[in-house]
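Here are the chains, one letter per residue:
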Amino acid sequence: MWPYPRVLAHRGGGTLAPENTFAALRCGMDHGYRAIEFDVMLARDGVPVVIHDQNLKRRLGGVGLVTDYDAAELVQMDVGSWFKPQFAGEPIPDGAEFVRACKAAGVWMNIEIKPARGHDRATGTAVARLAADIFADEIAAGEMARVPLLSSFREDSLDAARAAAPDVPRGLLFERGALPADWEKRARAVGASAIHTHYESLDAALARAIKAAGFGLFCYTVNDPNDARTLLDWGVDAFCTDRIDLIGPSFA
Ligand code: G3P
Ligand code: MG
């Protein structure tokens, strides 16, 4: 069973705001969303920050890598200007601060563990500890529907996350393309409760098989309402979207 919201704003606010920022969170909320997906990576000093790419080029020009800087430096960097001048000065969020802001706003989280190259286990450990820390009361009370769902393409990250905070649930992400034949074995090996696929990787039979095996089923990134409807018909539990203007949080 899937105790979480069905539709999530991808990277906070989809394509309507600079990705993975407080402005994106506000944008998602302005569109009625109370559930988001975002990406977390470790800075040079091992502190989690909210960002998608290890290379800062796409958002900041040629200034190097996330892992070239401590978190205190990264949170001063403007990742809003590339998007639109009105977002100038929008910083890279500190991971813990961002998770606390979501929690305070009543926004449920799918936190994607996005390790910089060579940091799979450390990132899984840090993100899982962060979530376990901030949601310690909910975990103790068994209020698991409020606890974030961690996910990652990197099995080592999920394995480390499980070791660090076994009570924080995990989803195994699969790259776009056909799912590997051993998807179930891999998911069980990291103690995943959910399978996260690109929506084009699925058909009705595979969706049925994943559900029959007892996993939650989540798809990224679904931007066409017709596709969204088909996926839900196939039994997909939830999906994230970039088009929060086309697909509302109560889409059914
Ligand atoms: O977690 C779903 C989706 O965000 C995975 O792809 O590259 O957008 O992080 P990406
Ligand atoms: Mg992501």
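Above this text sits the structure in question.
Residues numbered from 1 in each chain as written. Chains lettered and ligands numbered in written order. Predicted model: local features only at pLDDT ≥ 70, side-chain atom pairs only at ≥ 80, totals over all residues. Heavy atoms only, no water.

Caption draft 1: Main features of helix α1 (residues 22-30). Those residues of α1 that fall on the buried side of the exposure criterion are Phe22, Ala23, Ala24, Leu25, Cys27 and Gly28. Check the buried side of α1 and you find it contacts β2 (35-42) and α4 (95-104). (Buried < 20%, exposed > 50% of the residue type's maximum accessible area, 1.4 Å probe, protein only. Helix = DSSP H or I, 4+ residues; strand = E, 2+ residues; numbered from the N terminus. Contact = heavy atoms within 4.5 Å.)

Caption draft 2: Representation of the nonpolar core. Residues Phe38, Leu150, Leu202, Ile210 and Phe239 are the most contacted members of the largest nonpolar core, which totals 60 residues. Those residues in contact with Phe239 that lie beyond four places of it in its chain are Arg6, Val7, Leu8, Phe218, Cys219, Val222, Ala228, Leu232, Ile247 and Phe251. Ala43, Ala71, Val79 and Ala116 belong to the second-largest nonpolar core, a separate cluster that totals 13 residues. (Core = buried A, V, L, I, M, F, W, Y, C linked by side-chain atoms within 4.5 Å.)

Caption draft 3: Geometry of the site of ligand 1. Around ligand 1, the neighbouring residues are His10, Arg11, Glu37, Asp39, His52, Glu112, Lys114, Phe153, Leu173 and Tyr220. Within the side chain of His10, one N or O atom sits 2.8 Å away from an oxygen atom of ligand 1. In this structure, Lys114 approaches ligand 1 through a side-chain N or O atom, which is 2.8 Å from an oxygen atom. Relative to its free-state accessible area of 290 Å², ligand 1 is covered by the protein chains to the extent of 90%. In terms of residue class, the shell around ligand 1 is made up of three nonpolar, two polar and five charged. (Near = heavy atom within 4 Å. Polar contact = N/O pair within 3.5 Å; in protein donor to acceptor, adjacent residues only side chain to side chain. Areas by Shrake-Rupley, 256 points an atom, 1.4 Å probe, with all protein chains shown as cover. Nonpolar A, V, L, I, M, F, W, Y, C, P; charged D, E, K, R; others polar.)

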